[in-house]
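Residues per chain, in single letters:
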Amino acid sequence: MAKKVLVLGATGIIGFGVAKAFVRRGYIVSGLARNEEKAKFLLKNEVIPVKGEAKDVASWAQAAEEADVIVEAVGDYVDYSTPGTLLKALTEIVKKKPSVTVIYTSGIWVLGESREVELTEEKVNPLPIVQWRPAVEQAYVGLNGIVLRPGMVYGTTAGVTSGWFSAAKAGKLVIGPKQFTVAVHFDDLAEAYVLAAENEKARGQVFNLGGYPTDLVSTFQHLQEKVEFTLEEVEGGSNPFESAVRTSTLVSDKKAKEVLGWKQHALPLEQYVAHFYNVWVANN
């Protein structure tokens, strides 16, 4: 009998990649969709749509209670009450069904800034935009859940990468001074969720999934060979999100590789940035 997975945030770049990875592995996958258009999109991709909103717990509670694996990949940076609402609901579900595996999507911003040392899972120093997140991480660990911390996600229309490419296309891109980060392709990232769900040793653990160390100055100088734009280096930003995007964070994903057997296969962003820019343009 195939196991069931529910992905909250299934139409987002991380959540959709995760949903497809579980489909490929032979799971019955359901995904939350807020409207008919997104529901049709999921169904076309072999993901069973569950119509509703993340904060409307009643709209997805039954699917969650039937699931063997629940992935929280909502990533709401607008309504900061959303993570708490989901945590409360999932806590109740785990109480009723302790065997369920809950995977929470965090991020490297909980680790803070590091320009030279690769940060490990143990110590957090969250950036202002995610001051609330370490407590949420620990709550999921307390549920014997799994916490995954992706680096900067790239591929197709992925998040922060999309913002960088959009700025470059408009003629001016601003990054942090001599900024370094870690970048992970959404397909490689999605594979880690499947590996974590299938590994009993992952329960109650936190894993960094940083990806390739990436020199952003070098990356976008490569892109300037193909696209005309101005590249500026500026400390901080006008709001917490902009400041976070310009922060240098180097991360070790040694634990994920050793415990989960996680590997990266995608082309690295730094060397192939022009290719991924063209992919982004084609998707927009």
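Everything discussed here concerns the structure shown above.
Each value, and the rule that gives it
Residues numbered from 1 in each chain as written. Predicted model: local features only at pLDDT ≥ 70, side-chain atom pairs only at ≥ 80, totals over all residues. Heavy atoms only, no water. Pairing = 2+ DSSP bridges. Helix = DSSP H or I, 4+ residues; strand = E, 2+ residues; numbered from the N terminus. Axes fitted to C-alpha atoms, helices over the stretch in contact; angles between N-to-C directions. Core = buried A, V, L, I, M, F, W, Y, C linked by side-chain atoms within 4.5 Å. Buried < 20%, exposed > 50% of the residue type's maximum accessible area, 1.4 Å probe, protein only. Contact = heavy atoms within 4.5 Å. Expected span 1.5 Å × (residues − 1).

The next thing to look at is the sheet that holds strand E3 (residues 48-51). Strands sit in the order E3-E2-E1-E4-E5-E7-E11 across an open sheet of seven strands; the sheet is parallel. Edge positions in the sheet fall to E3 and strand E11 (206-209), since each has one partner strand and no second. Taking each pair of neighbouring strands and ignoring which way they run, the sheet shows an average axis angle of 20 degrees. Across four bridges, the pairing between strand E4 (residues 69-72) and strand E5 (residues 101-105) is parallel. Of the residues in E5, the one forming a bridge with Glu72 is Tyr104.

Judged by nonpolar contacts, the single largest core of 40 residues is most densely connected at Phe22, Val29, Val71 and Tyr193. In terms of residues, this core owes the most to one element, helix H7 (residues 186-197), which gives nine residues. If we skip the residues at most four places from it in the chain, Val71 touches Val5, Leu6, Val7, Leu8, Val18, Phe22, Ile103 and Tyr193.

For helix H6 (residues 159-170), built from twelve residues, the straight-helix expectation of 16 Å at 1.5 Å per residue is met to within 8% by its first-to-last C-alpha distance of 17 Å. Of all the residues in H6, the buried ones are Val160, Thr161, Ser162, Trp164, Phe165 and Ala168. Residues of H6 that are buried make contact with strand E8 (152-154), strand E9 (172-175), helix H8 (216-224), helix H9 (240-245) and helix H11 (273-282). One or two steps after H6, the chain reaches Gly171, where phi turns positive at roughly 115 degrees.

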